[in-house]
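Working through the structure, step by step
Spelled out from the first residue to the last, the chains are:
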Amino acid sequence: MKFFDRTEEIASLRETLKLSKTNAQFTVVTGRRRIGKTSLIWKAYENETMLYFFVARKAETDLCTDYLQEIENKLGIPTIGKVEHFSEIFEYLMKLSIEQPITLFIDEFQEFFKVNKSTYSDMQRIWDLYHTKAHINLIVCGSIFSMMTKIFKNKKEPLYNRQTRFMSIKPFSPMVLKEILAEYQPNYTADDLLALYSFTGGVAKYVQLLVDAGATTKAKMLNHIVKNDSIFLYEGKSILIEEFGRDYGIYFSILSAIARGKTSRSEIENVVGKEIGGYLTKLENEYEIISKKQPIYEKSSNKNVRYAIDDNFFTFWFRFIYKYNYMLEIENYDAVKTIINRDYETFSGLMLERYFKQVLIEAKEFTRIGSWWDRKGENEIDIVAENELTEEAVFIEVKRKTENYDSASLDKKVATFSRATGKFKDYMVTQKCLSMSDM
């Protein structure tokens, strides 16, 4: 698959390169695994000389040998001979950049925790010593999100706030997914687009795997995801076990419950069988995998709370792959696909609501976008969008098929909303349905 999107991110990285010619720049690039961080940086600097250091899990002396070879190959200059610690190489490059601009990209930066944790304090000392004179464009990125956040946003860590730029790479937007399908499947249907969005969430690597395999229809996507040699089947474990560590079993139980529709804390605790307040806080604030949802205009910060998995792929994986892993273990792939197809309309209906919210956010026509439901759960409005600058609001019902829309039912829900919140009394208010035909 060819390179798509990332125009703003590339422009930002190019600007950083320009700034580094006069002032040292330290850019941190984060984002979940498979999002395309490394590809983005290579694309941004494809016509530049860039040193690339990959932090593999091996002896520090072996890493240093690799890095010295990279310096000699890329810069064409003799280096400092045999070294045992990365800090020596980093100090050498910081000194060298005083005389000539250097771009250095360190990939899997969080792995220094396992190689030599003192690397971070050594880098702090060296950066503080030389950065006012250096002309270095330093970019670091890592695939374990929580570790990267800890390194740079925890006040107790040596590199806290040393970065000059913090970039968080997001999944492809619905518009980009449409562009990709138009390129590789010009006759794609709304169902194909919704399937790509629902299964991958716009994560670059997953989209690439499907596109490169020619899996650009809903049926082909599902066949490619659920089969004997599919990396999708083990993807949740391979990413999240490293994030969660030895407590992954509890976190997996929580995420599985949420994916199955148990979205309140009490419902989740009934499934897990224990108090989970601390785990939910970590999942939301440290790992940033779930978010706490409340009705729009809810005044209390802890009432009427629902939890949601923000990542579409993880939602799909826990809902179908993790839950029915016992079938996959005996290689009954057809049974799993039958279940996915059976429950797909409900699952994709939730994804369709998420899709349209994202489209509305990207359009930037509203100042507030959310959902609303009453405390009894009897009345719910899929999307409420407000523009407080123009004093306009729209209530939206999301349906897979337009013929399933009941305007009278939405009227009643809006009336209940108005009584409960007292909002939009002097606004221009409209109501409508969004369906797959609007994608």
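Refer to the structure presented above.
The rules behind the values
- Residues numbered from 1 in each chain as written.
- Predicted model: local features only at pLDDT ≥ 70, side-chain atom pairs only at ≥ 80, totals over all residues.
- Heavy atoms only, no water.
- Helix = DSSP H or I, 4+ residues; strand = E, 2+ residues; numbered from the N terminus.
- Rg over C-alpha atoms; globule rule 2.2 N^0.38 Å.
- Buried < 20%, exposed > 50% of the residue type's maximum accessible area, 1.4 Å probe, protein only.
- Contact = heavy atoms within 4.5 Å.
- Lys, Arg positive; Asp, Glu negative; His and termini not counted.
- Charge placed at Lys NZ, Arg CZ, Asp CG, Glu CD.
- 1 Å grid on protein atoms, 1.4 Å probe; cavity = no way out; pocket = protein on both sides within 12 Å on 5 of 7 lines; lining within 4 Å.
- Points joined across faces, edges and corners; volume = space filled by probe spheres on them.
- Nonpolar A, V, L, I, M, F, W, Y, C, P; charged D, E, K, R; others polar.
- Pairing = 2+ DSSP bridges.
- Axes fitted to C-alpha atoms, helices over the stretch in contact; angles between N-to-C directions.
- Phe/Tyr/Trp six-rings, centres within 6.5 Å; stacked < 30°, edge-to-face > 60°.
- Lys NZ or Arg CZ within 6 Å of the ring centre and 35° of its normal.
- Salt bridge = Lys/Arg side-chain N within 4 Å of Asp/Glu carboxyl O.
- Polar contact = N/O pair within 3.5 Å; in protein donor to acceptor, adjacent residues only side chain to side chain.

Another aspect to go through is the overall build of the chain. Secondary structure assignment for the chain yields 19 helices and 11 strands. Computed over C-alpha atoms, the radius of gyration of the chain comes to 25 Å, within 12% of the 22 Å expected from 2.2 N^0.38 for 439 residues, which places it in the range of a compact globule. Once the C-alpha set of the chain is aligned to its principal axes, its extents read approximately 75 × 55 × 50 Å. Looking at the 439 residues of the chain, the share that counts as buried comes to 51%. Counting contacts in the chain only where the partners sit at least 6 residues apart, residues at least 24 apart contribute 67% of the total. For the chain, the separation between the mean place of its 62 positive charges and that of its 62 negative charges on side chains is 3 Å.

What follows covers the layout of surface pockets. Empty pockets left among the atoms are what a rolling probe the size of a water molecule brings to light. Here the second largest pocket defines a volume of roughly 490 Å³. Taken together, 22 residues form the lining of the second largest pocket, with Arg34, Ile35, Gly36, Lys37 and Ser39 sitting closest to its centre. Secondary structure elements with two or more residues in the lining of the second largest pocket: helix H2 (37-44) and helix H10 (204-212). Counting residues per element, the lining of the second largest pocket draws most heavily on H2, which supplies 4 residues. Class assignment of the residues belonging to the lining of the second largest pocket gives a composition of 8 nonpolar, 6 polar and 8 charged.

Next up on the list: the sheet that holds strand S1 (residues 25-30). Across the sheet, which stays open at both edges, the 5 strands sit in the order S2-S3-S4-S1-S5 with parallel pairing between neighbours. Sheet topology places strand S2 (51-54) and strand S5 (165-168) at the edges, where each strand pairs with a single neighbour. Ignoring which end each strand starts from, the neighbouring axes of this sheet average 15° apart. Pairing analysis gives 4 bridges linking S1 to S5, with the strands arranged parallel. Within the sheet, the bridge partner assigned to Thr30 lies in S5 and is Ser168. Contacts from helix H7 (residues 145-153) reach S1, strand S4 (136-141) and S5 within the one sheet, and its direction differs from that of S1 by about 150°.

One non-glycine residue, Asp5, lies in positive phi territory at about 60°. Note on placement: Asp5 falls in the segment before helix H1 (7-20). Judged by its relative accessible area of 34%, Asp5 is partly exposed. A positive phi angle is found at Glu108, which is not glycine, with a value near 55°.

The next thing to look at is the packing of aromatic side chains. Summed over the entire model, instances satisfying the criterion amount to 46 aromatic pairs. Arranged with centres 5.1 Å apart and planes meeting at 75°, the rings of Phe395 and Phe417 form a pair that is edge-to-face. With Phe395 in strand S10 (residues 392-398) and Phe417 in helix H19 (residues 407-421), the pair connects residues that are 22 residues apart, well separated along the chain. Looking at Phe395, the relative accessible area reads 1%, which means it is buried. Classification of Phe417 as buried rests on a relative accessible area of 0%. Taken together, Phe26, Phe53, Tyr67, Phe86, Phe90, Phe109, Phe112, Phe113, Tyr120, Trp127 and Phe152 form an aromatic cluster joined through their ring pairs. The ring centre of Phe166 lies 4.2 Å from the NZ or CZ of Lys153, which sits over that ring.

If you walk through the whole model with that rule in mind, you get 26 salt bridges. Among the salt bridges present, the one from Asp334 reaches Lys337, with a minimum N-O distance of 3.8 Å. Of the two residues, Asp334 and Lys337 are both situated in helix H18 (residues 333-363); the distance of 3 residues between them amounts to about one turn of the helix. What makes Asp334 exposed here is its relative accessible area of 55%.

Another aspect to go through is the sheet that holds S10. Spatially, S8-S9-S10-S11 is the arrangement adopted by the 4 strands of the open sheet, whose pairing is mixed. Either end of the sheet is taken by a strand with one partner, and the two such strands are strand S8 (368-373) and strand S11 (428-434). The sheet shows a mean angle of 25° between the axes of neighbouring strands, taken without regard to direction. Relative to strand S9 (residues 380-387), S8 runs antiparallel, the two sharing 5 bridges. Counted as the bridge partner of Ile369 is Ala385 from S9. In this fold H19 packs onto S8, S9, S10 and S11, with an angle of close to 65° to the strand it touches most, S9.

Moving on: the side chain of Ser230. Mapping Ser230 onto the fold places it in the loop between helix H11 (218-225) and helix H12 (232-244). Take Ser230: its relative accessible area is 4%, and that puts it in the buried class. Within polar-contact distance, the side chain of Ser230 engages the backbone oxygen of Ile225 at 2.7 Å. A distance of 3.1 Å separates a polar atom in the side chain of Ser230 from the backbone nitrogen of Phe232. Not counting the four nearest positions on each side in its chain, Ser230 is found in contact with His224 and Ile225.

Attention shifts here to the pairing of S1. The buried count for S1 comes to 6 of 6 residues, which makes it a mostly enclosed element. Burial along S1 is two-sided: Gln25, Thr27 and Val29 facing one way and Phe26, Val28 and Thr30 facing the other are all buried. Across 5 bridges, the pairing between S1 and S4 is parallel. Paired with Thr27 across the bridge in S4 is Ile139.

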